[in-house]
Amino acid sequence: MPAKSKAQQMAAGAALSAKRGERKKSSLKGASREMVDTMSEKELHDLAATQQKGKPSHVSKD
């Protein structure tokens with residue numbers, strides 16, 4: 001499942017590093033903190049590996 005925006009891709013990368021123990025979970029904010037608990041390492045990797053080229057900065061919640 002590819003990321004829909006640059007923000008989602010970057011949040012997944014931060015969550016992935018916390019899941020692997022490279023970063024403290026307490027340093028995460030917002031969506032990335034929730035992603036650590038709800039997604040597997042493979043799912044996070046798939047989102048984080050998405051290319052940012054051509055992606056919008058943010059996607060509306062509509």
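Each remark here, short or long, concerns the structure printed above.
Just so it is clear, the model here is predicted, and its values are computed rather than measured.

Asker: Please explain the side chain of Thr50 as it appears in this structure.
Answerer: With respect to the helices and strands, the residue Thr50 is situated in the segment after helix H3 (41–48). Only 3.3 Å separates the side chain of Thr50 from the backbone oxygen of Asp46, close enough to count as a polar contact. In this structure Thr50 touches Pro2, Ala3, Gln9 and Lys55, once residues within four positions along its chain are discounted.

Asker: Looking at this model, I keep getting lost on the nonpolar core. Mind explaining?
Answerer: One recurring pattern in soluble globular proteins is that nonpolar side chains are buried together. Membership of the largest hydrophobic core comes to 14 residues, with the highest contact counts inside it found for Ala12, Met35, Leu44 and Leu47. For this core, the elements supplying multiple residues, two or more each, are helix H1 (6–19), helix H2 (30–38) and H3. With residues near it in sequence (within four places) discarded, Met35 still touches Gln8, Ala11, Ala12, Ala15, Leu44 and Leu47.

Asker: I tried to follow H3 on my own but got confused; where do I start?
Answerer: Owing to its 3.6 residues per turn, the α-helix aligns residues three or four sequence positions apart on the same side. Among the residues making up H3, those that are buried are Leu44, Leu47 and Ala48. Buried residues of H3, seen end-on, are gathered within an arc of 95° and therefore sit on one face of the element. Turning to H3, the residues buried within the fold contact H1 and H2.

Asker: Sorry, what's going on with the side chain of Ser17 here?
Answerer: One can find Ser17 in helix H1. Classification of Ser17 as buried rests on a relative accessible area of 14%. Residues within four places of Ser17 in sequence aside, it is in contact with Glu22 and Arg23.

Asker: What exactly am I supposed to notice about the packing of H1 against H3 here?
Answerer: Helix-helix packing: each pair is described by the crossing angle between the helix axes and the interaxial distance. Across the interface, H1 lies against H3 with an axial gap of 8 Å and an inter-helix angle of 145°. The element H1 and its partner H3 pack so that their crossing is left-handed. Each of Gln8, Gln9, Ala12, Gly13, Ala15, Leu16 and Lys19 in H1 lies in contact with H3, whose residues at this interface are Glu41, Leu44, His45, Leu47 and Ala48. The class makeup of the residues in the contact of H1 with H3 is six nonpolar, four polar and two charged.

Asker: Any chance you could explain the environment of Pro2 here in plain terms?
Answerer: As for its position among the elements, Pro2 is in the segment before H1. Taking the relative accessible area as the measure of exposure, Pro2 reaches 57% and is therefore exposed. In sequence terms Pro2 and Lys19 are 17 residues apart; their C-alpha atoms lie 19 Å from each other. Ignoring anything within four residues of it in the chain, the contact list for Pro2 reads Leu47 and Thr50.

Rules used throughout
Residues numbered from 1 in each chain as written. Predicted model: local features only at pLDDT ≥ 70, side-chain atom pairs only at ≥ 80, totals over all residues. Heavy atoms only, no water. Helix = DSSP H or I, 4+ residues; strand = E, 2+ residues; numbered from the N terminus. Polar contact = N/O pair within 3.5 Å; in protein donor to acceptor, adjacent residues only side chain to side chain. Contact = heavy atoms within 4.5 Å. Core = buried A, V, L, I, M, F, W, Y, C linked by side-chain atoms within 4.5 Å. Buried < 20%, exposed > 50% of the residue type's maximum accessible area, 1.4 Å probe, protein only. Arc of directions from axis to C-beta. Axes fitted to C-alpha atoms, helices over the stretch in contact; angles between N-to-C directions. Left-handed = near helix turned anticlockwise from the far one by under 90°. Nonpolar A, V, L, I, M, F, W, Y, C, P; charged D, E, K, R; others polar.

Function cannot be read off these values alone, since they describe shape.
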